[in-house]
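# Architecture at a glance
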Amino acid sequence: MGTSQSIRTALIGAGPRGTSVLERLLANWRLRNPSSPGPDGVADLQIDVVDPYPAGPGHVWQPGQSRLYLMNTQSFYPTVIPEDPELAAPVAGATFDQWRAAQQDRPLASLTEDDHAELSGLGAQDFPSRALYGRYLSSTLDELLAHLPDGVTVRFHRTTATAVRPAGNGMFDVELEDGAQFTVGSVVLALGHLESRLNAEQRELQAGAGQMGLLYLPPAAPADVDWSVVPAGEPVLVRGMGLNFFDVMGQLTEGRGGKFVAAEAHHNSEEVPGQGRTELEYIPSGDEPRIIAASRRGTPYRAKANLAGYYPAGVALRYCTEGAVGRFAAAGITPGFDHDLWPLLQRDAFWAYYSTLVRTSPHAVTEPEEFLALLQEVMRPHAHSVSHWEAEADVLIAKHVEPDQRLNLPGLAAPLAGRSFASRADVDSAVVEYLLDDARRSALGEDDPVKMAIGALHHGRAVLKTAVADGGITDESWVAGLRGWFESFVEGLASGPPAIRAEQLAALARAGVVSFVGPDPKFALDRNAGTFSAVSPWVRDRAVHARTLIEALAPANRVAVNVSPVLEQLLADGLVRPRLMMTAEGTPVETSGLDVSPHPYRPVGANGSVTEGLYVLGLQLSAAQWGTAIAAESRPQSGPVYRSGQRTLRDADEIARHILDR
């Protein structure tokens, strides 16, 4: 049966999530209106898309940005087109990997020379540039617009939305920065990454830099920064060694003409059986600054393992399964993270590590088969209390496993913890050793116990996302556990860069282009010296000084501090509010995301009422979902299919159907 009505909706935000809602609107509209409307009724759908950046790529994925900015996932992973058979079939489009293969066979005329050059050597296992993914998003949008179902009109507004106000009768007035205004029946907030106000320390550093003639680069999307202002040959402090750090590193080295070349590094047969290993050497251009890197851990994120898929095929969750965590909700229990969920995932990490160790290095374990059987018994869920199983496992491991082969999960994320250093040169040596060891482990892939323990955490993260989004966890465990310690812990292990980045950073350190401050650095303005300064309490050396400080961080994803005219207006008018959570002490804490109702996500206003007709998708759901920044996942050819993989696309589908049913 067709639809006999006129519907007008606005999508505010035209990046991947806005594009997903657009695609789902078209697919569901076509499903409900398989042919042109008959004489008994008129059906039309008008979609207004508002974004100052080009629709499809949006802000982050601009096709013209540097090719040095790589995605954090391989080609086979991301998509904006759903593959879930339960959803309405797409009207057009493909996954990124399908698009990549198609462009290699029959390239679009719109591809640039840089696109052709990258595509020529890009495989399913490789990490594409963000620019190429932006080209995919742009191409997908073009294909959707070329296959618009009957009765659908899409209008694009290349400007900023400044306000969304109720207009009566369930309608909304949308006001734009260019002075235009229109009225719609529904609005989807797919705002994506937003700029944010600086915190107190950052404001002080920025103000001091202005007074002292220093250069301070605040948190920003790397593609938005003019890197040419960073002076060559001078020390430059870089705070943060997460994913943004590698973008900064690339721009200030390769981006200035430096080159990485292969250099054979021979290792003894015990380290790499039967062969030498190729390491990188950096050839400077002379235009680089002297990068001094600092972060709380003192080291960058661990690199991704060399795997055939997104998850290691040899690791299957035994304890932290979707069935296991689903039993909490089925029993009417809201689980706590530290007490209920983490012990399950911790068991999986233990099993992945020690089963891999027994397989690859049986000489490191006494009576390996008996050890695994006993470990499995000790870790049997509900057989012991949380503290007892860990204590029994420790006794068992101490009996059977060589001391230097035992798993230290906290130590994986903080490899310099508990160490002190006589000088920064000693720190540099320790970080290079860590980087080369991590790259070696990444190359071993499924044959490395450490990377398989991390692989189990990576699997478990997908399960936890579903648990958090569907059943929820207690407020206090969200604040103190999931966001309090686990998020930074697992991101430092499982959200790292391609392994080549670790090898490049080691080469830069050996070349003297990059050095390191040490763990827990303290930053300040040294007004006597007229510089920024940084010092680590774990390094017995003088503070380092520089006239430039770069924050290698993304802008804070917190709705209360994000800079967005429409979000600020909605907050001021009480149509939306940040979500509050209660700590274990009963203290309310303002979280990073909006307070929303369950599916489809609609914001809760200041008075506690749900704002019908207004929907939220993406990063601003960070208080209702976990891991909102990660792209939707293509369905893997083999291995587990986690419900969280296409969560964003199912959320977009639910919003689209709700809009069409209003």
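The structure we're discussing is the one just above.
In what follows, the accompanying structure is described. Here the structure is a predicted model, which is why all the values come from computation and not from measurement. (Residues numbered from 1 in each chain as written. Predicted model: local features only at pLDDT ≥ 70, side-chain atom pairs only at ≥ 80, totals over all residues. Heavy atoms only, no water.)

## Some details on the overall build of the protein
The secondary structure content of the protein amounts to 17 helices and 22 strands. Over its C-alpha atoms the protein spans a radius of gyration of 26 Å, differing by no more than 12% from the 26 Å that the globule rule assigns to 662 residues. Its C-alpha atoms put the protein at 80 × 65 × 60 Å along the principal axes. Partitioning the intrachain contacts of the protein with sequence separation of at least 6 by distance along the chain shows that 74% fall at a separation of at least 24. Total accessible area on the protein is roughly 27400 Å²; 50% of this is exposed by carbon and sulfur atoms. (Helix = DSSP H or I, 4+ residues; strand = E, 2+ residues; numbered from the N terminus. Rg over C-alpha atoms; globule rule 2.2 N^0.38 Å. Contact = heavy atoms within 4.5 Å. Areas by Shrake-Rupley, 256 points an atom, 1.4 Å probe, with all protein chains shown as cover.)

## Re the packing of aromatic side chains
Under the criterion given, the structure shown has 25 aromatic pairs. Their ring planes at 65 degrees and their centres at 5.9 Å tell us that Trp 99 and Tyr 136 sit as a pair that is edge-to-face. In this pair, Trp 99 is assigned in helix 2 (residues 96-105) and Tyr 136 in helix 4 (residues 130-146), connecting sequence segments 37 residues apart. Classification of Trp 99 as buried rests on a relative accessible area of 5%. Given a relative accessible area of 0%, Tyr 136 falls into the buried group. Taking the centre distance of 4.9 Å and the plane angle of 55 degrees together, the rings of Phe 260 and Tyr 282 count as tilted. Note that Phe 260 is positioned in strand 11 (residues 259-265) and Tyr 282 in strand 12 (residues 277-283), a separation of 22 residues in sequence. Neither Phe 260 nor Tyr 282 differs from the other in exposure class; each is buried. Clustering of aromatic rings is evident, with ring pairs tying together Phe 337, Trp 342, Trp 485, Phe 486, Phe 489 and Trp 626. When the ring centre of Phe 523 is taken as origin, the NZ or CZ atom of Arg 239, which lies over that ring, is 4.6 Å away. (Phe/Tyr/Trp six-rings, centres within 6.5 Å; stacked < 30°, edge-to-face > 60°. Buried < 20%, exposed > 50% of the residue type's maximum accessible area, 1.4 Å probe, protein only. Lys NZ or Arg CZ within 6 Å of the ring centre and 35° of its normal.)

## Some thoughts on the sheet that holds strand 4 (residues 161-168)
In space, the 3 strands of this open sheet follow the order 4-5-6, with antiparallel pairing throughout. The strands lining the two open edges of the sheet, one partner per strand, are strand 4 and strand 6 (181-184). With strand direction ignored, the average angle separating the axes of adjacent strands in the sheet is 25 degrees. (Pairing = 2+ DSSP bridges. Axes fitted to C-alpha atoms, helices over the stretch in contact; angles between N-to-C directions.)

## Examining the environment of Val 641
Summarising the element assignment, Val 641 is placed in the loop between strand 22 (614-616) and helix 17 (647-661). Residue Val 641 is classed as partly exposed on the basis of its relative accessible area of 41%. Setting aside anything within four residues of it in sequence, one finds Val 641 in contact with Arg 635 and Pro 636.

## Overview of the sheet that holds strand 2 (residues 44-50)
Reading across the sheet, the 5 strands line up as 3-2-1-7-22 and stay open at both edges, with parallel pairing between neighbours. The strands lining the two open edges of the sheet, one partner per strand, are strand 3 (152-157) and strand 22. Each strand axis lies, on average, 20 degrees off the axis of its neighbour in the sheet, ignoring direction. Two elements, strand 1 (residues 6-12) and strand 2, share 7 bridges in a ladder whose sense is parallel.

## What about helix 8 (residues 337-360)?
The terminal C-alpha atoms of helix 8, which comprises 24 residues, lie 32 Å apart, in line with the 34 Å expected from a rise of 1.5 Å per residue. The largest bend along helix 8 reaches roughly 35 degrees and is located at Pro 343. For helix 8, the buried fraction is high: 18 of the 24 residues fall into the buried class. (Expected span 1.5 Å × (residues − 1). Bend = angle between axes of the 7 residues up to and from the residue.)

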